[in-house]
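Coordinate inspection notes
Chain by chain, the residues run as shown.
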Amino acid sequence: EPEVTQTPSHQVTQMGQEVILRCVPISNHLYFYWYRQILGQKVEFLVSFYNNEISEKSEIFDDQFSVERPDGSNFTLKIRSTKLEDSAMYFCASRYRELRNEQFFGPGTRLTVL
Amino acid sequence: KQEVTQIPAALSVPEGENLVLNCSFTDSAIYNLQWFRQDPGKGLTSLLLIQSSQREQTSGRLNASLDKSSGRSTLYIAASQPGDSATYLCAVRPHGYNKLIFGAGTRLAVHP
């Protein structure tokens, strides 16, 4: 069964460093998302991406964050200068199209900022 | 602003019990509602999706209902098993948006 994959599973970085989290969405899906979950808190939406552009973003998704679909299979989230409060589990998700609304999530990348 | 609440926050039951998890949302203008399972430190597994026009969906021992006008959904788990132990999350997709808004989850423990 097709699934969303994410790499790495765990990333440790120093405050101020740039990180890139990578995702491979399900191959025929058209909508892509990043969410995050700070330990003990709700899963929260960061950004959605469709047709090679951001279609929606939350207040969390400020200028420190960017997303890219560099080729036909990968979808990345870049954090330019990490802060301690960026430590969280980051989930990538994808969805086929309007008539099939189910979002499928990857296993997550645990980001630890020291 | 859409808010999603899940009750109870935690539940511990003996194996074999039928149980109900509750989800409520403040704005009935939604496209759909999705139930997920999350194991500790793991990703989200989609269990059921209910479109706004539907009243319920079933998958195996799971049955989810939706009452959009009252802003409520329930997830019914029949004949619970220890393997059902996980956190169950409810999420709504508000009308006009792509994103999902999540509740805090119900942490379920089923003991033998």
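Below is a short write-up of the structure. Everything numeric here is computed off the predicted structure, so don't read it as measured data.

Moving on, we come to the overall build of chain B. Broken down by element type, chain B carries zero helices and 11 strands. Counting helices and strands in the order they occur from the N terminus, chain B gives β-β-β-β-β-β-β-β-β-β-β. For chain B, the spread of C-alpha atoms along the principal axes amounts to about 45 × 30 × 20 Å. With 112 residues in all, chain B has 46% of them scored as buried. In chain B, the share of contacts with a sequence separation of at least 24, taken over all contacts with a separation of at least 6, comes to 55%. Total accessible area computed for chain B in this model is approximately 5100 Å², and 49% of it derives from carbon and sulfur atoms. For chain B, the separation between the mean place of its 10 positive charges and that of its 8 negative charges on side chains is 8 Å.

Residue and element names in this part refer to chain A. Taken as a whole, this structure holds four salt bridges over all chains when the rule is applied. Linking glutamate 44 and arginine 36 is a salt bridge whose minimum nitrogen-to-oxygen distance equals 3.0 Å. Notably, a salt bridge pairs aspartate 86 with arginine 36, separated by 4.0 Å at the nearest N-O pair. With aspartate 86 in the loop between strand S8 (75–79) and strand S9 (88–95) and arginine 36 in strand S4 (residues 31–37), this pair connects stretches of sequence that are 50 residues apart. Of the two residues, aspartate 86 and arginine 36, neither departs from the other in class, the shared state being buried. Salt bridges sharing common partners tie together Arg36, Glu44 and Asp86.

Here we come to the state of the cysteines. A full pass over the atoms with the stated rule returns two disulfides over all chains. Note on cysteine connectivity: cysteine 23 of chain A is disulfide-linked to cysteine 92 of chain A, with sulfurs 1.9 Å apart. On the sign convention where negative means left-handed, the S-S torsion of about -65° between cysteine 23 of chain A and cysteine 92 of chain A marks this disulfide as left-handed. Linking cysteine 23 of chain A in strand S3 (residues 19–24) with cysteine 92 of chain A in strand S9, this pair joins segments that are 69 residues apart in sequence. Of the residues examined, cysteine 23 of chain A reaches a relative accessible area of 1% and is grouped as buried. For cysteine 92 of chain A, a relative accessible area of 0% translates into the label buried. The partner cysteine of cysteine 23 of chain B in its disulfide is cysteine 90 of chain B, sulfur to sulfur 1.9 Å. Taking the torsion about the S-S bond as the criterion, the cysteine 23 of chain B to cysteine 90 of chain B disulfide, at about -55°, is left-handed. Residue cysteine 23 of chain B is found in strand S3 (residues 19–25), and its partner cysteine 90 of chain B is found in strand S9 (residues 86–94); the two are separated by 67 residues along the sequence. When its relative accessible area of 2% is taken as the criterion, cysteine 23 of chain B is described as buried. Since its relative accessible area comes to 0%, cysteine 90 of chain B is described here as buried.

Turning our eyes to something else, we now look at the sheet that holds strand S1 (residues 5–7) of chain A. Residue and element names in this part refer to chain A. Here we have four strands laid out as an open sheet, ordered S1-S3-S8-S7, and antiparallel in their pairing. Strand pairing shows two members of the sheet lacking a second neighbour, S1 and strand S7 (65–68), which therefore form its edges. Taking each pair of neighbouring strands and ignoring which way they run, the sheet shows an average axis angle of 20°.

The rules behind the values
Per chain, residue numbering runs from 1 following the sequence as it is written. Chain letters and ligand numbers both follow the written order, the letters beginning at A and the numbers at 1. Confidence filtering applies because this is a predicted model: local features only for residues at pLDDT of at least 70, side-chain atom pairs given and counted only at 80 or more, and all residues used for totals across whole chains, interfaces and linings. Excluding hydrogens and water, the side-chain figures rest on all heavy atoms present in the structure. Here a strand is any run of E in DSSP of at least two residues, a helix any run of H or I of at least four, and the numbering for each starts at the N terminus. Type-normalised accessible area, obtained with a 1.4 Å probe on protein chains alone, sets the label of each residue: buried when under 20%, exposed when over 50%, and partly exposed for intermediate values. For this analysis, residues touch if any pair of their heavy atoms sits within 4.5 Å. Only the protein chains shown count as cover for residues, and all accessible areas are computed by the Shrake-Rupley method using a 1.4 Å probe. His residues and chain termini do not enter the charge count, which takes Lys and Arg as positive and Asp and Glu as negative. For the purpose of locating charges, the reference atoms are NZ of Lys, CZ of Arg, CG of Asp and CD of Glu. Any Lys or Arg side-chain nitrogen located within 4 Å of an Asp or Glu carboxyl oxygen qualifies as a salt bridge. Disulfide assignment relies on a single distance test, namely cysteine sulfur atoms paired within 2.5 Å. Between any two strands, at least two bridges found by DSSP are needed for them to pair. To define axes, lines are fitted to C-alpha atoms, for helices over the stretch in contact only, and angles between the resulting N-to-C directions are given on a 0 to 180 degree scale.

In short, shape yes, function no, at least from these values alone.
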